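Single-letter residue listing:
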Amino acid sequence: MVTVEPTSYADTLEARAALCCEVIRSAGQLVLKGFQGEQTRSFSMKGPQDFLTATDAASEAHIRSMIGAYFPGDSFFGEEEGGSIGARVWVVDPVDGTANFARGIPHFCISIAYVENGRTEIGAIFNPALDELYFARRGEGATRNGLPIRVANTLRFDAASVEVGWSTRVANSVYLEVIQSLLEMGANVRRAGSGALALAYVADGRSDGYIEMHMNSWDCLAGLLLVSEAGGEVCPFFTIGSLREGGPVLAAAAGVAAGVSKASHIPLASSQNSEERQTTMA
Ligand code: LIP
């Protein structure tokens, strides 16, 4: 386990944000070491197309113990060992893109979100292979390695790249329909195997949208915050899904968001809010 110099943290959001950056970077060292060592990269299967390595477990244990040491009253919900969900909860994917990690492809990350009273306050995604740390706090914008990022200003589907995530949790026919609609609209459809990094890339303007018909909360909460803080549009995840069960995920640059929503039948939070406003006003 990577050792980190003990620091003391006050019981504030600022302190949690600082801890989040410290812990995701130290977990990154551990994950990168695992990636470079053949043995820790060898994998077993949790289910069809669902990979597990020793590094997933080690990274989660490291993150859990650091957060528990500084904020023992917060709850923790991780991909590998689960946990509890309280009013203050850390939602953690210790390695997202495990299939890439296991097969030597340096496109994977660690994803950490902090949710307070049902709202994501902090989100961080770190790819240690590229030393890229994405970070956002609600209302304060999104950054990569400390520099502000924005979604792309793409307006046309014939210039847009949209990533579609896939897992065995949803029937292939549903994916094929979504992909067909996107292709008919003229989009370039891609899949790179890490849903969390895909969301960070939308926030960073590297792609124009991400859709996945079902994602777990540890894969998507940090990324959804990043995209909305970078000026993009996202789905109302806590309305159409839940922290425990997950749900459909959509995130897109503002100029193509309506089309991405139409192709996937996943609503945008903004259109839901305006429908609510219209209902209230009527
Ligand atoms: C996986 C993702 C993948 C996504 C799946 C899955 P894991 O996470 O990153 O891209 O489509 O829903 O959750 O297993 O690598 O942590």
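Going by the structure above, here's the rest.
Every chain begins its residue count from 1, and numbering advances along the sequence as written. A pLDDT threshold of at least 70 governs which residues receive local features in this predicted model, and a stricter bar of 80 or more applies before side-chain atom pairs are shown or counted, although totals over entire chains, interfaces and linings include all residues. Side-chain figures throughout are based on the complete set of non-hydrogen atoms in the structure, without hydrogens or water.

Now for the sheet that holds strand 3 (residues 75–78). Only strands joined by at least two bridges in the DSSP assignment are considered to pair. Under the scheme used here, helices are H or I runs from DSSP no shorter than 4 residues and strands are E runs no shorter than 2 residues, and both carry numbers assigned from the N terminus. Read across the sheet, 8 strands follow the order 4-3-5-6-7-8-9-10 without closing on themselves; strand pairing throughout is mixed. Both edges of this open sheet fall to strand 4 (82–83) and strand 10 (147–148), since each of them pairs with a single strand only. Here 7 bridges tie strand 5 (residues 88–96) to strand 6 (residues 109–116), and the two strands are oriented antiparallel to one another. The partner of Val89 across the bridge, within strand 6, is Val115. For this analysis, residues touch if any pair of their heavy atoms sits within 4.5 Å. Axes here refer to lines fitted to C-alpha atoms; in helices the fit is confined to the stretch in contact. Angles between the N-to-C directions go from 0 to 180 degrees. Helix-sheet contacts for helix 3 (residues 54–70) involve strand 3, strand 4, strand 5 and strand 6, and the interaxial angle to strand 5 is about 155°.

Turning our attention to the site of the ligand. Any residue with a non-hydrogen atom lying within 4 Å of a molecule or strand is treated as near it. The full set close to the ligand counts 15 residues, and Asp96, Gly97, Arg169, Glu212 and Asp219 are the nearest of them. For the ligand, an oxygen atom lies 3.0 Å from a polar atom in the side chain of Glu79. Asp219 places a polar side-chain atom, nitrogen or oxygen, 2.6 Å from an oxygen atom of the ligand. Throughout, the Shrake-Rupley method with a 1.4 Å probe supplies accessible areas, and for residues the shown protein chains are the sole cover considered. Burial of the ligand by the protein amounts to 92% of the accessible area it has alone, namely 370 Å². Note on definitions: the grid is 1 Å and covers protein atoms alone; a cavity is a set of points where a 1.4 Å probe fits but cannot get out; a pocket is an open set with protein on both sides within 12 Å along at least five of seven lines; lining residues have an atom within 4 Å of a point. Grid points define the cavity or pocket, and a molecule sits in it when more than half of its atoms lie within 2 Å of them. Counting atoms within 2 Å of the grid points, the majority share of the ligand lands in the largest pocket. At the level of elements, strand 5 and strand 13 (209–215) are the ones that each hand at least two residues to the shell around the ligand. The biggest single contributor to the shell around the ligand is strand 5, with 3 residues. Throughout this description, a polar contact denotes any pair of N or O atoms lying within 3.5 Å of each other; where both atoms belong to protein, one of them has to be capable of donating a hydrogen while the other can accept it, and for residues adjacent in sequence the pair is counted only when both atoms sit in side chains.

Time to look at unusual backbone geometry. Backbone geometry at Asn145 places phi at a positive 45°, although glycine is not the residue there. In this structure, Asn145 sits in the loop between strand 9 (142–144) and strand 10. Non-glycine residue His265 carries a positive phi angle of around 60°. Take His265: it is sitting in the loop between helix 9 (257–264) and helix 10 (269–281). Exposure is judged per residue with a 1.4 Å probe applied to protein chains only, and the accessible area is read against the type maximum: over 50% gives exposed, under 20% gives buried, and values in between give partly exposed. Note on His265: relative accessible area 68%, which makes it exposed.

Below, the discussion takes up the nonpolar core. Counting 57 residues, the largest nonpolar core has Val91 and Ile125 as its most contacted members. When residues of this core are assigned to domains, at least three fall in each of domain 1 (6–148) and domain 2 (157–281). Grouping buried Ala, Val, Leu, Ile, Met, Phe, Trp, Tyr and Cys residues that are joined through side-chain atoms within 4.5 Å yields what is termed a nonpolar core. With 29 residues, the next largest nonpolar core counts Tyr9, Ala27, Ile67 and Trp90 among its residues. The domain limits used here are those given by an automatic or database domain assignment.

Right, let's talk about the packing of aromatic side chains for a bit. Side-chain rings of Phe, Tyr and Trp, where Trp is taken by its six-membered ring, are said to pair if the distance between their centres is within 6.5 Å; with planes under 30 degrees apart they count as stacked, over 60 as edge-to-face, and otherwise as tilted. Inspection of every chain in the model, using the stated rule, returns 9 aromatic pairs. Arranged with centres 6.3 Å apart and planes meeting at 40°, the rings of Tyr9 and Phe71 form a pair that is tilted. Separated by 62 residues along the polypeptide, Tyr9 in the segment before helix 1 (13–36) and Phe71 in the loop between helix 3 and strand 3 bring together distant segments of the chain. Overall, Phe71 belongs to the buried group, its relative accessible area being 4%. The interplanar angle of 50° and the centroid separation of 5.6 Å between the aromatic rings of Phe35 and Phe101 together place this pair among those described as tilted. Placement of Phe35 in helix 1 and of Phe101 in helix 4 (residues 98–102) is noted, with a sequence separation of 66 residues between them. Pair check on accessibility: Phe35 and Phe101 agree, each one buried.

Judged by how many residues are buried, strand 8 (residues 132–137) sits mostly within the fold: 6 of 6 residues are covered. Residues Glu132, Tyr134 and Ala136 of strand 8 are buried on one face, and the alternating residues Leu133, Phe135 and Arg137, pointing to the opposite face, are buried as well. In this structure, strand 7 (residues 119–127) lies alongside strand 8, joined through 6 bridges in antiparallel fashion. Paired with Asn127 across the bridge in strand 8 is Glu132. Here strand 7 folds back onto strand 8 in antiparallel fashion, the turn holding 4 residues, of which Asp131 has a positive phi close to 55°. With 3 bridges joining them, strand 8 and strand 9 adopt antiparallel strand pairing. Pairing of Tyr134 across the sheet is with Arg144, part of strand 9. Where strand 8 folds back on strand 9, the antiparallel hairpin that results is connected by 4 residues, among which Gly139 adopts a positive phi of roughly 85°.

A few words now on the packing of helix 6 (residues 195–203) against helix 7 (residues 217–229). With their axes 8 Å apart at the nearest point, helix 6 and helix 7 run at an angle of 0° to one another. As judged from the angle between their axes, helix 6 and helix 7 are roughly parallel. Only Asp219, Cys220, Gly223, Leu224, Leu226 and Val227 of helix 7 make contact with helix 6, whose side of the interface consists of Gly195, Ala196, Leu199, Ala200, Val202 and Ala203. Gly is put with the polar residues, along with every residue not named as nonpolar or charged; the nonpolar set is Ala, Val, Leu, Ile, Met, Phe, Trp, Tyr, Cys and Pro, and the charged set is Asp, Glu, Lys and Arg. In terms of residue class, the contact of helix 6 with helix 7 is made up of 9 nonpolar, 2 polar and 1 charged. Oblique is the label for any angle not under 35 degrees, not over 145, and not in the 65 to 115 range, which are roughly parallel, roughly antiparallel and roughly perpendicular in turn.

Honestly, that's just the spatial picture; any functional story needs more than this.
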